[in-house]
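# Chain and residue survey
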Amino acid sequence: MAKIIAITNQKGGVGKTTTSVNLSACVAQEGHRVLIVDADPQGNTSSGLGIRVKEKTPTVYEVMSGEVPLMDALCRTEVGGLFVLPSDIRLAGAEIELAAMDERERVLAEALAPAAEHFDYVFIDCPPSLGLITLNALCAANGVLIPIQCEYFALEGVTALMGTIQKVQRLNRRLTIEGVVLTMLDARTNLGIQVAQEVRKVFKGKVYNTVIPRNVRLGEAPSHGLPITLYDPRSLGATSYQALAREFLAR
């Protein structure tokens, strides 16, 4: 039975997609079968793993609409054991179409049901919003992983996200906070360290010990369609995400 993790924060630019790509790759490299679902119409997770979505490429949109079975829409990546359900701008139309459907919050959960027997972990990279796509991801998931940037206004919007999670728990009783990942830490600044301390006060034991630093190589890797562990395995970004994956698995 696959464990399904929604990676979400409605605030943009917090390292959500970077975490989705690299954590899923590192978990796969630890020997697990992993699926990452790109649930963001921008499709950055897909391109960040080297998937070039074309007009006839089946995406999460076709899977959610019932046009294509899940297993027929998956793409292999350069990482052994890691598959992607890709996305592109087509998914933007799903918000409107879902609004008119019965049980609209469970469409993605139904679409992902076949993954349970094929994968150990399913990660869902959510869009930076609290719309119907994110609601679907939360209703499909067992846990929520929240990346929080180590900068001013880091906790801005997290209150709204926590409120949404509490509401979704009425629909999905399995849903828990899996953990909080501190990202983009610049250890040279007092601000970054103070923000990290504040987040740990708010979320207590839910915050991972591993902190993801600011790292130039992490920013370069997506343009090459590779996770950081393949692009530059000796970089600080690579060792940090490997440590996060081991901590995630240990929990």
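As the structure is a computational prediction, the values presented were derived from the model and not from experiment. (Residues numbered from 1 in each chain as written. Predicted model: local features only at pLDDT ≥ 70, side-chain atom pairs only at ≥ 80, totals over all residues. Heavy atoms only, no water.)

## Here's the deal with helix H8 (residues 190-203)
Here H8 spans 20 Å end to end across 14 residues, near enough to the 20 Å set by a 1.5 Å rise per residue. Residues of H8 that are buried include every one of Gly192, Val195, Ala196, Val199 and Phe203, and no others. In a view along the axis of H8, the buried residues occupy a sector of 100 degrees, so they form one face of it. Of the exposed residues in H8, the ones pointing more than 90 degrees away from its buried face are Asn190 and Lys201. Residues of H8 that are buried make contact with strand S6 (143-149), helix H7 (158-171), strand S7 (176-185) and strand S8 (207-213). Of the residues flanking the end of H8, it is Lys204, one or two places downstream, whose phi is positive at about 50 degrees. (Helix = DSSP H or I, 4+ residues; strand = E, 2+ residues; numbered from the N terminus. Expected span 1.5 Å × (residues − 1). Buried < 20%, exposed > 50% of the residue type's maximum accessible area, 1.4 Å probe, protein only. Arc of directions from axis to C-beta. Contact = heavy atoms within 4.5 Å.)

## Examining the packing of aromatic side chains
Applying the stated rule across the entire model yields five aromatic pairs. Ring centres of Tyr152 and Phe153 lie 4.4 Å apart, and the angle between their planes is 50 degrees; this geometry places the pair in the tilted category. Taken together, the aromatic side chains of Tyr121, Phe123 and Phe248 make up a single cluster linked through ring pairs. (Phe/Tyr/Trp six-rings, centres within 6.5 Å; stacked < 30°, edge-to-face > 60°.)

## Side note on the pattern of salt bridges
Overall, the coordinates contain 10 salt bridges when judged by the stated rule. With a shortest N-O distance of 2.9 Å, Lys16 and Asp125 are connected by a salt bridge. Taken together, the residues span a long stretch of sequence, with Lys16 in helix H1 (residues 16-29) and Asp125 in strand S5 (residues 121-125) at a distance of 109 residues. Asp125 carries the same exposure label as Lys16, and that label is buried. Of the charged contacts, one joins Arg214 and Glu151 as a salt bridge, the two residues approaching to 2.4 Å between their closest N and O atoms. Placement of the pair is Arg214 in the loop between S8 and helix H9 (216-220) and Glu151 in the loop between S6 and H7, with a sequence separation of 63 residues. Overall, Glu151 belongs to the partly exposed group, its relative accessible area being 30%. Salt bridges linked by common partners bring Glu62, Asp88 and Arg90 together as one network. (Salt bridge = Lys/Arg side-chain N within 4 Å of Asp/Glu carboxyl O.)

## Side note on the sheet that holds strand S2 (residues 34-38)
Pairing within the open sheet is mixed, and its eight strands lie in the order S3-S4-S2-S5-S1-S6-S7-S8. The open sheet has two free edges, formed respectively by strand S3 (75-76) and S8, since each of these has just one partner strand. The pairing of S6 with S7 spans seven bridges and is classified as parallel. Of the residues in S7, the one forming a bridge with Gln149 is Thr183. (Pairing = 2+ DSSP bridges.)

## Section: the side chain of Asp88
In this structure, Asp88 sits in the loop between strand S4 (82-85) and helix H4 (94-99). Not counting the four nearest positions on each side in its chain, Asp88 is found in contact with Pro41, Val53 and Thr59.

## Considerations on unusual backbone geometry
Phi angles above zero are rare outside glycine, and Phe153 is one such case at about 70 degrees. Among the structural elements, Phe153 can be located in the loop between S6 and H7. Even without glycine at this site, Lys204 takes up a positive phi of about 50 degrees. Note on placement: Lys204 falls in the loop between H8 and S8.

## What to know about the pairing of S4
Both faces of S4 are covered, namely the face carrying Leu82 and Val84 and the face carrying Phe83 and Leu85. Sheet analysis places S2 next to S4, joined by four bridges and oriented parallel. Bridged to Ile36 within S4 is Val84. Note: S3 against S4, two bridges, orientation antiparallel.

Honestly, that's just the spatial picture; any functional story needs more than this.
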